[in-house]
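# Structural description and commentary
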Amino acid sequence: MRSHLSSSLLLAGTALSAVSAAAVDGRGHPTTECSNVSFKIPATAQNLVFATPPGANNETEILAFIKQSLTTGEAVSSTQRVSGDYAINAVFCQPTGKTKARGVLEVLVHGLGFDKASWGGLGFGDQYNWHAGANARGYHTLAIDRLGQGADAAHPDPRNIVQAQLHAEIIHQLITTIRKNAKNNALGQGFDKIVYVGHSFGSILGTAVGRQYPADADVTVLTGYSSAPNLGAISGYQLASAALFRPQQFAGYPLGYTMMPVEAERRANFFEGAYDPALAHFDYLTQRPSTDGEWATLAAGAGPGGGDYPGAVFVAAGVYDVGACQPPLATCQDILNKTRLAFPKARAYDFFAPDNTGHALSLHYSAPETLKRVHDFLDRHIY
Ligand SMILES: *[C@@H]1O[C@H](CO)[C@@H](O)[C@H](O)[C@H]1NC(C)=O
Ligand SMILES: *[C@@H]1O[C@H](CO)[C@@H](O)[C@H](O)[C@H]1NC(C)=O
Ligand SMILES: *[C@@H]1O[C@H](CO)[C@@H](O)[C@H](O)[C@H]1NC(C)=O
């Protein structure tokens, strides 16, 4: 699986397939079948207007703006209405063979610095493949590229357009389409049970969707998340504009699309404890940009929790997750247990803190156990 992912491919900026097709059941039959799908989503949001925005073509000002948003916070002067028809690309995977499908769709929303490929395990095998793990338990999966990410050919205004609130509205419209539009959507089938699964910023967006649209997700799974985020730890890492740092791959991206240029910092942010160093290196090479608008609205969105969200909530964060938890195991468990208080109306709540695991938890050796805990919870609480 790994051998064909040569560095020349990477330098050419080829979009990597998110999905390993190798998952098989006990009899050697495939348990998963994936396809690329694309939605056209109309959405409208009240995005934030910042009081002291950086120059759109000044990397120094953009990086200072992000750093300030993560430390003291950026002053917001007002909101503005943004609206459009947005192309959302995704990988859709279905249980096949002997696996009994449950008619439940997991919508997978990636974190900053990643795209939909992160849920496929980056080609390092099924143990890291969320699709394969979920499909083997009978759950369908849809991993989206958020607006401006992954296969999105448009590079919308990174600060004014690509913000948390517009992401949340797009995800709400996507879920609405899948629920209401039975066979007339890009999946060719409707689902009336939806599980929202987020990682990191994708989890913060999940809390926003749950607060504003409590009927969207029957169950919400938040990974790389807690109600006690440590943004100070993240603010120390260097960033660079993707178009300047990796010009062969990201020429034409506005400078507000940023990446982590220092491999040791990328690793410290996402990996800790027990993991495959080759995977962590590959992750550094294949990292995806995040926008200054995302960084600034991450800070604003990290606090409020789930409001009156009535669905079941499962939270998972590695014990060594720099942004969400804290070692040792008992301390992290306590943080995740207290995160329950951020979801006072949830009909069920549980958590899992994989030990020896960092922020990108599904890319660590503990990933199969995390997948098992999540799906044990779903089996109990989806109906
Ligand atoms: C999805 O698209 C990518 C290119 O963007 C391609 O490499 C991959 O093979 C496609 N996957 C499937 C399952 O068709
Ligand atoms: C970028 O902004 C910095 C800080 O405001 C300023 O010193 C510098 O001259 C600007 N660079 C360009 C190319 O405008
Ligand atoms: C979680 O906290 C509750 C009190 O809110 C406590 O009763 C329970 O034992 C804790 N569970 C774990 C696993 O720490």
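Per an unreviewed UniProt entry, the protein chain is named AB hydrolase-1 domain-containing protein, and its organism is Lasiosphaeria miniovina.

Attention shifts here to the packing of aromatic side chains. Enumeration according to the criterion identifies 11 aromatic pairs in this entry. Consider the rings of Phe92 and Phe191, whose centres lie 6.4 Å apart with planes at 75°: the pair is edge-to-face. Taken together, the residues span a long stretch of sequence, with Phe92 in strand β2 (residues 76-95) and Phe191 in the loop between α4 (164-180) and β5 (193-199) at a distance of 99 residues. The two residues Phe92 and Phe191 agree in class, both being buried. Residues Phe250 and Tyr253 carry aromatic rings whose centres are separated by 5.0 Å and whose planes lie at 90° to one another, so their mutual orientation is edge-to-face. Comparing Phe250 with Tyr253 shows no difference in burial state: the two are buried. Taken together, the aromatic side chains of Tyr225, Phe343 and Tyr349 make up a single cluster linked through ring pairs.

With that settled, consider the side chain of Asp115. Mapped onto the secondary structure, Asp115 falls in the loop between β3 (104-109) and α3 (130-136). Taking relative accessible area as the criterion, Asp115 reaches 13% and is therefore assigned buried. Of note is the side chain of Asp115, whose polar atom sits 2.9 Å from the backbone nitrogen of Ala117. When sequence neighbours within four positions are dropped, the list of residues in contact with Asp115 reads His110, Asp145, Gly150 and Arg288.

One pass over the full model with this rule turns up 12 salt bridges. Ionic pairing is found between Glu294 and Arg146, a salt bridge with its closest N-O pair at 2.7 Å. Of this pair, Glu294 sits in helix α11 (residues 292-301) while Arg146 sits in the loop between β4 (140-144) and α4, placing them 148 residues apart in sequence. Of the two residues, Glu294 and Arg146, neither departs from the other in class, the shared state being buried. Where salt bridges share partners, they join Arg102, Arg137, Lys372, Asp376 and Asp379 into one cluster.

Another aspect to go through is the UniProt feature "domain: AB hydrolase-1" (unreviewed entry) in the protein chain. Sites flagged by UniProt as "domain: AB hydrolase-1" (unreviewed entry) map to residues 107-370. The span residues 107-370 is 34% helical and 14% strand by assignment, and the distance between its end C-alpha atoms comes to 17 Å.

Let us now look at the state of the cysteines. On inspection of all chains with the given rule, the structure shows two disulfides. Here Cys325 engages in a disulfide with Cys332; their sulfurs sit 2.0 Å apart. Since a negative S-S torsion denotes a left-handed disulfide, the Cys325-Cys332 link at about 100° is right-handed. Counting only the cysteines that form disulfides, in the order they appear in the protein chain, gives the pairing 1-2, 3-4.

Spatial strand order, β7-β8-β9: three strands in an open sheet with antiparallel pairing. Of all strands in the sheet, those with a lone pairing partner are β7 (240-241) and β9 (290-291), marking the two edges. The pairing of β7 with strand β8 (residues 257-259) spans two bridges and is antiparallel. Looking at β8, one finds that Ala240 is bridged to Met259.

Further remarks concern α11. Within α11, eight of the 10 residues are buried, leaving the element largely enclosed by the surrounding structure. Among the residues of α11, those classed as buried are Asp292, Gly293, Glu294, Trp295, Ala296, Thr297, Leu298 and Gly301.

Attention now goes to the sheet that holds strand β10 (residues 312-316). One open sheet holds the eight strands; their spatial order is β1-β2-β4-β3-β5-β6-β10-β11, and the pairing between them is mixed. Of all strands in the sheet, those bounded by a partner on one side alone are β1 (32-50) and β11 (348-352). Between one strand axis and the next, the sheet turns through 20° on average, direction left out of account. Across five bridges, the pairing between β3 and β4 is parallel. Looking at the pairing, Leu108 lines up with Ala143 of β4. Docked against the sheet, helix α5 (residues 201-212) engages β3, β5 and β6 (219-223), running at close to 140° with respect to β5.

Before going further, it helps to spend a moment on the confidence of the model for the protein chain. Counting all residues, the mean pLDDT for the protein chain is 91, and 92% of those residues have values of 70 or more. Counted against residues more than four places away or in other chains, residues 1-21, with its pLDDT under 50, gives 34 contacts.

What follows covers the pairing of β10. When you tally the buried positions in β10, you get five out of five residues, the bulk of the element. Burial along β10 is two-sided: Ala312, Phe314 and Ala316 facing one way and Val313 and Val315 facing the other are all buried. Here β6 runs beside β10; their pairing, made up of five bridges, is parallel. Counted as the bridge partner of Thr220 is Val313 from β10. Here β10 runs beside β11; their pairing, made up of five bridges, is parallel. Bridging across to β11, Phe314 finds its partner in Asp350.

One broad rule of soluble globular proteins: the nonpolar side chains tend to lie buried together. Among the nonpolar cores identified, the biggest contains 88 residues, and Leu105, Leu142, Ile178, Leu187 and Leu336 are the most heavily contacted of them. Top element by residues in this core is α4. It accounts for eight residues. Listed in part, the 22 residues of the second largest apolar core include Leu108, Val219, Val221 and Ile382.

Within β4, five of the five residues are buried, leaving the element largely enclosed by the surrounding structure. Neither face of β4 is exposed, since His140, Leu142 and Ile144 on one face and Thr141 and Ala143 on the opposite face are all buried. The handedness of the β3 to β4 crossover, carried by α3, is right-handed.

Reading the values: rules and limits
Residues numbered from 1 in each chain as written. Chains lettered and ligands numbered in written order. Predicted model: local features only at pLDDT ≥ 70, side-chain atom pairs only at ≥ 80, totals over all residues. Heavy atoms only, no water. Phe/Tyr/Trp six-rings, centres within 6.5 Å; stacked < 30°, edge-to-face > 60°. Helix = DSSP H or I, 4+ residues; strand = E, 2+ residues; numbered from the N terminus. Buried < 20%, exposed > 50% of the residue type's maximum accessible area, 1.4 Å probe, protein only. Polar contact = N/O pair within 3.5 Å; in protein donor to acceptor, adjacent residues only side chain to side chain. Contact = heavy atoms within 4.5 Å. Salt bridge = Lys/Arg side-chain N within 4 Å of Asp/Glu carboxyl O. UniProt positions renumbered as here; feature names shortened; annotations may be inferred. Disulfide = S-S within 2.5 Å. Pairing = 2+ DSSP bridges. Axes fitted to C-alpha atoms, helices over the stretch in contact; angles between N-to-C directions. pLDDT = per-residue confidence, 0-100. Core = buried A, V, L, I, M, F, W, Y, C linked by side-chain atoms within 4.5 Å. Right-handed = clockwise from strand over helix to strand, strands pointing away.

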